[in-house]
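So you can see what is in the structure, the chains are spelled out below.
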There are 2 protein chains.
Amino acid sequence: MNYLKKVVMLMFCVCCSSLIQAQVHPNIMLSQQNLPAVRSGVNSYPLLKSSYLEVKQEADNALKNPISVPVPKDGGGGFTHEQHKRNYQYILACGTAYAITQDARYAAYVKNILLAYAAQYEKWPVHPKRENSNPPGKMFWQILNDCVWQVNAIQGYDMAYNGIPAADRKTIEEHLFIPIVKYITEDSKETFDRIHNHGTWAVAAVGLTGYVLNKPEYVQMALKGSDKSGNTGFMKQIDELFSPDGYYTEGFYYQRYALLPFMIFAKAISRYQPQVQIFKYRNGLLAKAVNIALQGTYSNGAFFPVNDAMKDKTFESSELISAVDIAYADISSDKGFLDVAVRQKKVIVSDAGLKVAKDIAAGLTQPFSYKPMWMSDGKNGDEGGIGILRYGAGKKQQCLVLKAAAQGMGHGHFDRLNILYYDNGGEVFPDYGAARFINIETKGGGGYLPENTSWAKQTVAHNTLVVDETSDFKANVKEASKYHPELVYFSNTAAIQVVSAKENNAYPGVQMVRTSALIKVAELQKPLLVDVVTAASATSHQYDLPFWYLGNIIDASFKIEAVKDNLKALGSNYGYQHLWLNSQNNIPQASGYITVMQGQSFYTTSFAGSSPFSVKLVSIGANDPQMNLLEGKAFMLSQARANNQTFVSVTENHGNVDPIAETTSGAKSSVSGLSVISPDQNKTIFSFKVKEKPYTITINYHDKSNFIQIN
Amino acid sequence: MNYLKKVVMLMFCVCCSSLIQAQVHPNIMLSQQNLPAVRSGVNSYPLLKSSYLEVKQEADNALKNPISVPVPKDGGGGFTHEQHKRNYQYILACGTAYAITQDARYAAYVKNILLAYAAQYEKWPVHPKRENSNPPGKMFWQILNDCVWQVNAIQGYDMAYNGIPAADRKTIEEHLFIPIVKYITEDSKETFDRIHNHGTWAVAAVGLTGYVLNKPEYVQMALKGSDKSGNTGFMKQIDELFSPDGYYTEGFYYQRYALLPFMIFAKAISRYQPQVQIFKYRNGLLAKAVNIALQGTYSNGAFFPVNDAMKDKTFESSELISAVDIAYADISSDKGFLDVAVRQKKVIVSDAGLKVAKDIAAGLTQPFSYKPMWMSDGKNGDEGGIGILRYGAGKKQQCLVLKAAAQGMGHGHFDRLNILYYDNGGEVFPDYGAARFINIETKGGGGYLPENTSWAKQTVAHNTLVVDETSDFKANVKEASKYHPELVYFSNTAAIQVVSAKENNAYPGVQMVRTSALIKVAELQKPLLVDVVTAASATSHQYDLPFWYLGNIIDASFKIEAVKDNLKALGSNYGYQHLWLNSQNNIPQASGYITVMQGQSFYTTSFAGSSPFSVKLVSIGANDPQMNLLEGKAFMLSQARANNQTFVSVTENHGNVDPIAETTSGAKSSVSGLSVISPDQNKTIFSFKVKEKPYTITINYHDKSNFIQIN
């Protein structure tokens, strides 16, 4: 525990046991003292104005519709689920509208709907659609959603507080909020004390309620766990869920999700107990976490979908709006945050949103700065991590993500040393993400589908090496959680960005190293993606390296002869049962290429191996009786039998297709003649030509001073 | 022959035999007399300015690079193909730049490159990559491309004419243009005299050359055919290739392509022989043709891909830019053309472009007016046609296209009574278009692939009825060209738009009628797509009705159990060999539904039949050894055995998915209980409910005064 940390923990001990100070309302995202400035700001600063008008529109919609508080019945996406979700949005919107306008109708709405909940809540049993995978709530099928409800509702209540008669407040607090806190902290104690994003929502719900209801007891539990020991609770979550760099172990999709309660609760702590200096806790961990969340996106704003992730998610999502606003206003004055806020097209109607909108209006925005980086995983930063290489900006940005992080708990995928590759505004070698139709009730109630386990989590669903048609750790989470990959090397110079990591435990007796680099050569305008995968074992194995691609194969060094009829599944387990084997070609010369037309240009992947192998073309869809899987295609380098295997690939983006003018240029790659010269375990040497200029690349795995040599 | 037509033909006889008047240069798209205005306009009107800067950039690129006139060698997309294409673009750009700037370097470039061609052209043999499908050129593998080259190059020459020394002009004319005309009119006489878009490019090339070189002989041949009889040539093409409504029988993709030479040559005629009043010929046919080309697009600007068509093509393509500019400047002052020009983001640097850019700058633009319409096919307008229903504007526009046109010659598909359905900015029930990777040399030289015949043209590749797993007319073009569907009914009111057509020859002994309607009911904001297909025969047949869809099926009235392994082709011929049969469900109650999530909303198609049938889920990909086919999925209503069959469907767009906010609403359709009440051949009666409100619809095929009744 560092010095600051000790001070903070001490502060809590001193402050929390005494009464929480100055009980004014509102006092979370919007504060009483700042209200006049925000009220004037909604007329002065365009982004705050448009954001406020949206909130007010939502509040006015709420007023127009009869209040509906149905008895909980449906799973995710179903009617009662969506209605209770809508209700907390209405409560938050009306609370905000009341704070800004002081129009009594908005406070009355908050009062009435909360009274309607208070009249029923205690009677509701545990949610009937409970599932075994997650503990149930009372309003929703998962306690998680109940906590989200409370985090939002308590803020709306805080903002409408002064407009609700005291007697009604008493009813609401005694028959709704206090029972909710009881349900969270007692009936759902396990979730509340869990070091996990569900735990964060739970402690934020309870802690915020504690501040607003002036119940230090709640705040104590939220900060230090239900037994107040400090072994669990908010501080422990900050300590353990993030690496020192600010990476959240479940991955970026959940980092985004977890950030909201972290940031809102931290904001409340900073408001009620400023002496704690929560934003400085653990060397300013929360600011780092916000930055890492943003660095965990491609230049189109989409989060890298490592582990379970919905792929449409971008930093425009509401969680990141709150996080970015608070980060800018309360932690760091990085003007790149303003760029993100502009792209989010929204601020929270709050003290923080005011500052962001004001500074944007003042023209202070600077481009958000994406940086090549290694972000460590593990609470001590020693459990592998994620390497990100980037070249160029905006739509032209090339980006390579090497996932060498720890397992990431239950949402983790078995994708050690997976790569994701982006260019020209989107994915080139995509990750499948999660198998889930979120909120579509007819599809497994909107939750993760069985194919998330049988397909999406399996190794072969990723762009990484699969040994013996099984998955890392035989797809056993518990086993996988014991080990993590290790960083071998990371470097970022103008001409070469390179990241290298190893994994020795995913397959017993097999040592794997992957080295990916973006290399700018003089002959080409854009860098080449150079990727080297080595596996070494004392015994013989099958080694498969799939490259998932988008678009259509328009050329190859071999003649494709796809299966015409009786298409067969490639395997029977570990995701292979979901693959159709469309074709298979031997590559006797151990070198070849595939050219894919994607969008308005081409990608040629030249590939070579340390010994002859085959190329399998596969597509997703076998053994999927309910058609739960999405389309997907890969070319897979496959070595049927070898102790050691090296696969080298060089991917070039080239040419241009203008479908409207019907013109095409540069359909042929400038790279040729790739071959592996030495597959030695200590160094890999390979060569190729770019427009007839020969290149020889040596990777010295054990020499950090001369890791990659280009001649 | 109407009166005006007679006058026009007479004019030609009088004028063409005498010498063509006033030989000034330039005098086609840009005229000597208008040059001062255009020169000033490129500085005054933003759209003309940006368009000119683009042309000048191209011209400056030309100057920067050494002239390259390679000996023709490669097919479509290959190096020499693209280089000769680039050369005519350079000639045109430099000609334009010279006309505007009078900078001698541009004229010198035109001179030098044309001299380089003149030094070689006569030595070139017929193109070595000639194919049997199309007559060869000398520069390009198809004579078509040689004609396109000449149409462009002669304009560039005309504009640079005054900057090229007379002796060089003599060389260029004698050793390039005259031999080209000779090759077109003699060696390629068959193409030149063909009533077909290739013929139009040929006559335009020859006619424009005739005007510029002052050779009335050429103009005569261009207008009236190589024997000057008038049985072929430009006027005959205007007479026969378009319907009286202006629809070009090959379909919109080729209408776009054919329009350019029609419009440019017509412009030249109007300039050199204004007394002919070419734009008034055949009741202003060319103006109608431009309008129909635009009406043949969805609101995103993409042409309806009926027959062979590349699907990315929009009205932003260069051919339509010329056509729209000329149409606005010389024929019709429809201010909606300005809207299209704005979306094209470009005008031709020309007299017409000047007028368009000037009027846009003056704020005269009005929205282009899409209209529901029936456009007849056939030179007399009596060979069926295309019905277009539209509701709403912009991205919200719902659009239904019923293709009941004649065969459309060699590029025609066997898709009688096919429908295409668009909504929310894109396709809902798409047409596959053509099987072709245009200009991708590795894919069949960039031309139509074998799968264009085996798949894309076949009936089952479309959203229309297939009888006995064969195609219309057994996919025989000659047979199909003898017959055409017939319009039964078209009507367009505020609440109902309906089109109905019949086809009695595609399958001997089977009478088919299809009736499609957009019907606005009070309960819903957007209209329903109601579609009724009937087939009647004295004998028993299999009737399949596929609906090609985009997105993912998320719900159905039956339990889908997709084939897990050993996926099999559905059939062996007529496109069925390319379909994988993914699942098959019996619909014993003769009624059901399928819900597809597409983009950010849902489409539920409720369907019912006159007797029980099955639903087959199919996808594209079987028997495609070279992987030439694109992905595609359909649900197919299939009646295994019946004399008569009626299929009714009601498609509703509903709900909303916000993937960033992770919210979903309205995933269930409001339509329920669809059933066929009476499948009588004279009338179809069916009923369904919308939010519990019952509807009964009667279609009275033989009563035009009461064709569709809704109760």
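Only a predicted model underlies this, so the values are computations on that prediction, with no experimental measurement involved.

A. Structural view of the overall build of chain A. Within chain A, the regular secondary structure consists of 18 helices and 24 strands. Since a compact globule built from 711 residues should have a radius of gyration of about 27 Å, the 27 Å found for chain A is in line with a globular shape. Expressed along its principal axes, the backbone C-alpha trace of chain A runs to roughly 85 × 55 × 50 Å. Across the 711 residues of chain A, 63% fall into the buried class. If you take every contact in chain A between residues at least 6 apart in sequence, the share linking residues at least 24 apart comes to 67%. Of the roughly 24,200 Å² of accessible surface on chain A, 51% is carried by carbon and sulfur atoms. With 67 positive and 62 negative side-chain charges, chain A shows a spacing of 3 Å between the two charge centroids.

B. Region of interest: the interface of chain A and chain B. Of the residues lining the interface, 52 residues belong to chain A; the matching set on chain B comes to 51 residues. The largest per-residue losses of area from chain A upon contact with chain B belong to Met627, Ile660 and Glu662 of chain A, which jointly make up 16% of the total buried on that side. Applying the counting criterion to the chain A and chain B interface returns four salt bridges. Residue lysine 633 of chain B pairs with glutamate 631 of chain A through a salt bridge whose shortest N-O separation is 2.9 Å. Taken together, the connections running from chain A to chain B amount to 25 residue pairs in polar contact (both at pLDDT 80 or more).

C. Fine view of the sheet that holds strand 12 (residues 552-556) of chain A. Residue and element names in this part refer to chain A. In spatial order, the strands read 7-8-9-10-18-15-14-12; together these eight strands make up an open sheet with antiparallel pairing. Only two strands of the sheet have a single partner each, and these edge strands are strand 7 (486-492) and strand 12. If you compare each strand with its neighbour and ignore which way they point, the axes differ by 15 degrees on average. Of the pairings in the sheet, the one linking strand 10 (residues 528-537) to strand 18 (residues 645-654) comprises seven bridges and is antiparallel in character. Among the inter-strand pairings, valine 532 is bridged to a residue of strand 18, identified as valine 648.

D. Structural view of the sheet that holds strand 18 (residues 645-654) of chain B. All names here are of chain B. In space, the eight strands of this open sheet follow the order 7-8-9-10-18-15-14-12, with antiparallel pairing throughout. Because the sheet does not close on itself, it has two edges, and the strands there are strand 7 (486-492) and strand 12 (552-556). With strand direction ignored, the average angle separating the axes of adjacent strands in the sheet is 15 degrees. Sheet topology places strand 7 next to strand 8 (residues 496-503); six bridges connect them, and they run antiparallel. Looking across to strand 8, one finds that glutamate 486 is bridged to lysine 502.

E. How the structure looks around the packing of helix 9 (residues 197-212) of chain A against helix 11 (residues 234-241) of chain A. Residue and element names in this part refer to chain A. Packing of helix 9 against helix 11 brings their axes to within 10 Å, and their N-to-C directions diverge by 155 degrees. The angle between helix 9 and helix 11 falls in the class roughly antiparallel. Classified by chirality, the crossing of helix 11 by helix 9 is left-handed. Each of Asn197, Gly199, Thr200 and Val203 in helix 9 lies in contact with helix 11, whose residues at this interface are Phe234, Gln237 and Leu241. In terms of residue class, the contact of helix 9 with helix 11 is made up of three nonpolar, four polar and no charged.

F. Up close: the relation of the copies chain A and chain B. Here chain A sits on chain B after a turn of 180 degrees about the axis and a move of 0.0 Å along it, with an RMSD of 0.1 Å. When the rotation and shift are considered jointly, the pair of chain copies conforms to a two-fold rotation axis.

G. Focus on the domain arrangement of chain A. Residues and elements named next belong to chain A. By the assigned domains, chain A splits into domain 1 (3-361) and domain 2 (373-710). Taken over C-alpha atoms, the centre of domain 1 sits 39 Å from the centre of domain 2. Each partner contributes to the interface: domain 1 provides 41 residues, whereas domain 2 provides 49 residues. With both sides pooled, the region where domain 1 packs onto domain 2 buries about 3,300 Å², and carbon together with sulfur makes up 53% of that total. Considering only the side of domain 1, the residues that lose the most area to domain 2 are Tyr298, Asn307 and Asp308, jointly responsible for 21% of the buried surface there. Our enumeration of links across domain 1 and domain 2 arrives at two salt bridges. Glutamate 240 is paired through a salt bridge with lysine 379; the nearest N and O atoms lie 3.2 Å apart. Where domain 1 touches domain 2, the interface holds 21 residue pairs in polar contact (both at pLDDT 80 or more). Taken together, the residues of the side of domain 1 that touches domain 2 break down into 17 nonpolar, 13 polar and 11 charged.

Quick notes on the rules
- Residues numbered from 1 in each chain as written.
- Chains lettered and ligands numbered in written order.
- Predicted model: local features only at pLDDT ≥ 70, side-chain atom pairs only at ≥ 80, totals over all residues.
- Heavy atoms only, no water.
- Helix = DSSP H or I, 4+ residues; strand = E, 2+ residues; numbered from the N terminus.
- Rg over C-alpha atoms; globule rule 2.2 N^0.38 Å.
- Buried < 20%, exposed > 50% of the residue type's maximum accessible area, 1.4 Å probe, protein only.
- Contact = heavy atoms within 4.5 Å.
- Areas by Shrake-Rupley, 256 points an atom, 1.4 Å probe, with all protein chains shown as cover.
- Lys, Arg positive; Asp, Glu negative; His and termini not counted.
- Charge placed at Lys NZ, Arg CZ, Asp CG, Glu CD.
- Buried area = accessible area lost by both parts, 1.4 Å probe.
- Salt bridge = Lys/Arg side-chain N within 4 Å of Asp/Glu carboxyl O.
- Polar contact = N/O pair within 3.5 Å; in protein donor to acceptor, adjacent residues only side chain to side chain.
- Pairing = 2+ DSSP bridges.
- Axes fitted to C-alpha atoms, helices over the stretch in contact; angles between N-to-C directions.
- Parallel < 35°, antiparallel > 145°, perpendicular 65-115°, else oblique.
- Left-handed = near helix turned anticlockwise from the far one by under 90°.
- Nonpolar A, V, L, I, M, F, W, Y, C, P; charged D, E, K, R; others polar.
- Least-squares fit on C-alpha atoms with pLDDT ≥ 70 in both.
- Domains from an automatic or database assignment.

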